[in-house]
Amino acid sequence: MGLVHNVERKVASKGIESVIKNLKANDIDGRENAMLNLVDIYQKFAKNLFEQKTYDKVREMIKDRDGKWINYVYNMMDKLDVNVMKMTALNLGFTAAYYGKKVINEKRKEHNCNIPWLILMDPTSACNLKCKGCWAAEYGHNQSLSFEEMDDVIIQGKKLGMYFYMFTGGEPLMRKKDLIRLCEKHRDCYFVAFTNGTLIDEEFADEMVRVGNFSVALSIEGFEEENDSRRGKGIYKKVLHAMDILNEKGLIYGTSICYTSKNIETVLSDEFIDLLISKGVMYSWFFNYMPVGNDAVLELIPTPKQREYIYHRIRELRAFEGGKPIMLIDFQNDGEYVGGCIAGGRNYFHINSAGDAEPCVFIHYSNANIRENTLLECLKQPIFMEYRKGQPFNENHLRPCPMLENPELLNEMVKRSKAHSTDLISPEDIDALTAKCVPYANSWKPTAEKLWSGIENDVINL
């Protein structure tokens, strides 16, 4: 970090500590002032990173004392550990979202390539479960990134403005000691692991509290029957137990939910969402099942009717009025908020456990490897540059993916870039992968066009 930013970070740290102290005081006037002060602190540094109306909207939300989202924040503040609150606000809110974003914007111009906000890494391909239809299961169990390799990625990443890192696998918590070491070494970064939750115990939760800059998203597929039919007998109860441990320790955690044709109504039911909230879950990622791998189960892809249902249901649940007090992110259907596909280094990319730099966690093709290339060289590899030239792949951001909704585009990019399959066990031919997606892409298109037309009309009416 530069000297100026070191000073800024220290000032922000003191301000955040003061805000947290007032938030914990449990006085409504004091809380409101503390939250408004937090916005002032952020705007002081970020300035025109966001429009004035955005800051004004946040202040308006804070002053609405009966509002769902401000009470969601207050409830979260009540139960969170102080160190967890401070490190999350300082690293994710200040360093990554303000300082890092500013550097990223500069580096994109300097290097004329995509520079992402976050990197997703696989510490290992090993997993203690074998879930049906899991793309990661295709990778095998014999590859791992060393601590030094992950550390080097982060060192290089910070120079480009990246202070946010996610881990998947395999099961990343099979390397939990190394993940905690990364949290200790990189005190200015924020880390999240997508995990099956079965390896979380009291000792590890205490370590998460100590470092403060680490969160987990627990994989769960519904209630016991739906979950264990994919993940194995007894896993549901282990995940709920992990939630209880994390909740008791005052940690920030969420869930990662793969919605399929079999579980979509369950995972979006009032009963299931209420269960998550009762267990202290604060956020949830929803992922559309992707037909990745030679053994993909095509019947698990949600139908267009089911996808339209989740599109409306997610928006109903997270509305400013009504709905539920939990933050929900729909990876496939929220393209309208991020301008379509975010992969290929535009906002993120994936490094698998063999070191291959892939455009997306679901798209296993690459021209570069961190063991042979610098991070910047990985970002400038041919397939990433193809992504950059092609994004957005569709003006309709409800058809954002070059694989699932625009398979002909992925096919062309892989062939033009001469990228190779990075599947560690059974390499998948690009023609075979995209052929599987064509029927779905064609069937989803009419529904997506109807929904997108409604969004555009709403914008015009505003």
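About the criteria used
- Numbering of residues starts from 1 in each chain and follows the order in which that chain's sequence is written.
- In keeping with the predicted nature of the model, local features appear solely for residues at pLDDT of at least 70, side-chain atom pairs appear and are counted solely at 80 or more, and the whole-chain, interface and lining totals rest on all residues.
- The basis for every side-chain value is the complete set of heavy atoms in the structure, and neither hydrogens nor water enter the calculation.
- Here, a salt bridge means any side-chain nitrogen of Lys or Arg that lies within 4 Å of a carboxyl oxygen of Asp or Glu.
- Secondary structure elements follow DSSP: runs of H or I no shorter than four residues count as helices, runs of E no shorter than two count as strands, and numbering proceeds from the N terminus.
- Accessibility here uses a 1.4 Å probe with only protein chains present; expressed as a share of the type maximum, an area under 20% marks a residue as buried, one over 50% as exposed, and anything in between as partly exposed.
- Candidate patch residues must exceed 30% relative accessible area and have no salt bridge, after which like charges are joined if within 9 Å and Val, Leu, Ile, Met, Phe, Trp or Tyr side chains if within 5 Å.
- Per-residue and other accessible areas follow the Shrake-Rupley method at a 1.4 Å probe size, with only the shown protein chains counted as cover for residues.
- Charged-residue counts in this description rest on Lys and Arg as positive and Asp and Glu as negative, His and the chain ends being excluded.
- To locate a charge, the coordinates of NZ of Lys, CZ of Arg, CG of Asp or CD of Glu are taken.
- In a helix, the anticipated span is given by 1.5 Å times the number of residues less one.
- By definition in these notes, contact holds between two residues if any of their heavy atoms fall within 4.5 Å.
- Stacked, edge-to-face and tilted are the three classes for Phe, Tyr and Trp ring pairs, Trp counted by its six-membered ring, which pair at centre distances within 6.5 Å; planes under 30 degrees apart are stacked, over 60 edge-to-face, the rest tilted.

By the naming in an unreviewed UniProt entry, the protein chain goes by Radical SAM protein and is assigned to Peptostreptococcus canis.

Caption draft 1: Just the pattern of salt bridges, in detail. The tally for this structure, following the rule as stated, stands at 34 salt bridges. A salt bridge links glutamate 32 to arginine 65; the nearest nitrogen and oxygen atoms lie 2.8 Å apart. With glutamate 32 in helix H2 (residues 28-46) and arginine 65 in the loop between helix H3 (52-63) and helix H4 (68-79), this residue pair connects regions lying 33 residues apart in the sequence. Look at glutamate 32 and you get buried, because its relative accessible area is 13%. Residue classification places arginine 65 among the partly exposed residues on the basis of a relative accessible area of 36%. Here arginine 318 and aspartate 334 are joined by a salt bridge, their closest N and O atoms 2.8 Å apart. Highlighted residues: arginine 318 in the loop between helix H13 (304-317) and strand E7 (327-330) and aspartate 334 in the loop between E7 and helix H14 (335-338), separated in sequence by 16 residues. Like aspartate 334, arginine 318 is buried.

Caption draft 2: Highlighting a negative patch on the surface. On the surface, Glu60, Asp64, Asp66 and Glu321 cluster together to form a negatively charged patch. Within the fold, aspartate 64 resides in the loop between H3 and H4. A residue is classified by how much of its surface remains accessible, and aspartate 64, at 41% relative accessible area, is partly exposed.

Caption draft 3: Just the environment of glutamate 395, in detail. Relative to the helices and strands, glutamate 395 resides in the loop between helix H16 (382-390) and helix H17 (407-417). The spacing of glutamate 395 and asparagine 33 is 362 residues in sequence and 42 Å in space, taken between C-alpha atoms.

Caption draft 4: Fine view of H2. Taking 1.5 Å per residue as the helical rise, H2 with its 19 residues ought to reach 27 Å, and the 27 Å between its terminal C-alpha atoms agrees with that figure. Regarding H2, the residues found buried are Gly30, Arg31, Glu32, Ala34, Met35, Leu36, Val39, Tyr42, Gln43, Phe45 and Ala46. Tucked inside the fold, the buried residues of H2 contact helix H1 (3-23), H3, H4 and helix H5 (82-111).

Caption draft 5: Region of the structure containing the packing of aromatic side chains. For the coordinates displayed, the defined rule picks out 22 aromatic pairs. The interplanar angle of 75° and the centroid separation of 6.1 Å between the aromatic rings of phenylalanine 194 and phenylalanine 287 together place this pair among those described as edge-to-face. In this pair, phenylalanine 194 sits in strand E3 (residues 190-195) while phenylalanine 287 sits in strand E6 (residues 283-288), placing the two residues 93 residues apart along the sequence. Consider the rings of tyrosine 387 and phenylalanine 393, whose centres lie 5.3 Å apart with planes at 90°: the pair is edge-to-face.

Caption draft 6: A look at helix H8 (residues 202-211). Within the sequence span of H8, burial applies to Phe204, Ala205, Met208, Val209 and Val211. One or two residues past the end of H8 sits glycine 212, with phi positive at roughly 80°.

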